[in-house]
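# Structural overview for review
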Amino acid sequence: MDVKIESSWKARVSKEFEKPYFQNLVTFLKRERENHTIYPPGNQIFNAFEWCVFDNVEVVIIGQDPYHGPGQANGLCFSVADQVPLPPSLKNIFKEINRDLGKPIPKSGNLERWAKQGVLLLNATLTVRANTAGSHQKKRLGRVYG
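Residues numbered from 1 in each chain as written. Predicted model: local features only at pLDDT ≥ 70, side-chain atom pairs only at ≥ 80, totals over all residues. Heavy atoms only, no water.

Mapped onto the elements, phenylalanine 17 comes out in the loop between helix 1 (7–13) and helix 2 (20–35). Owing to a relative accessible area of 6%, phenylalanine 17 belongs among the buried residues under this scheme. (Helix = DSSP H or I, 4+ residues; strand = E, 2+ residues; numbered from the N terminus. Buried < 20%, exposed > 50% of the residue type's maximum accessible area, 1.4 Å probe, protein only.)

Ranked by internal contacts, the top residues of the largest apolar core, which has 32 residues, are Ile5, Phe22, Phe46, Phe49, Leu90, Leu120 and Leu121. Sorting the residues of this core by element identifies helix 1, helix 2, helix 3 (47–51), helix 4 (88–101), helix 5 (112–116) and strand 3 (119–123) as the ones contributing at least two each. (Core = buried A, V, L, I, M, F, W, Y, C linked by side-chain atoms within 4.5 Å.)

The next point concerns the layout of surface pockets. Taken as a whole, the second largest pocket encloses approximately 230 Å³ of empty space. Forming the walls of the second largest pocket are 20 residues, and the residues nearest its centre are Gln64, Asp65, Pro66, Tyr67 and Asn123. When the residues that make up the lining of the second largest pocket are grouped by side-chain class, the tally is 10 nonpolar, nine polar and one charged. (1 Å grid on protein atoms, 1.4 Å probe; cavity = no way out; pocket = protein on both sides within 12 Å on 5 of 7 lines; lining within 4 Å. Points joined across faces, edges and corners; volume = space filled by probe spheres on them. Nonpolar A, V, L, I, M, F, W, Y, C, P; charged D, E, K, R; others polar.)

Within this structure, the stated rule accounts for six salt bridges. Among the ionic pairs, aspartate 55 bridges to arginine 12, the shortest N-O distance being 3.5 Å. Pair noted here: aspartate 55 is in the loop between helix 3 and strand 2 (59–63) and arginine 12 is in helix 1, with a separation of 43 residues, a long-range link. Look at arginine 12 and you get partly exposed, because its relative accessible area is 42%. Measuring nitrogen to oxygen at the nearest pair gives 2.6 Å for the salt bridge that ties arginine 99 to glutamate 96. Linking arginine 99 with glutamate 96, this pair stays in helix 4, spanning three residues, or about one helical turn. Among the residues examined, arginine 99 registers a relative accessible area of 59% and is labelled exposed. A relative accessible area of 37% places glutamate 96 in the partly exposed class. (Salt bridge = Lys/Arg side-chain N within 4 Å of Asp/Glu carboxyl O.)

Structural data, given as structure tokens:
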């Protein structure tokens, strides 16, 4: 299976995409998409590994699972696309950065700029059913990469 991720990650994890557990996850997601709306869109599920180069990782931020509202999840934890209102969790993050560092609160919640600077923005669970937080948590990969 050809998963779209940045080449430095692909070199390290591509063999995993051929293993039975991963194929089972693909089958699960296909079935879910037949019956439900799933976030983020398929081409954004692995965005954490697309926008952040492996050798540039300086910080890892782990979220629970993607936002489950329409247009919110973009494959980076706590991030939303431009023009999407800031979710409460992201507002709180920006408020704390403002309080601690005096940085202005950005108008956009798109955190691709953080990922490009070496912040791996990864959710523990990469997908979610619309309007159902935690719905895919039991389908985790069950692996930790070192």
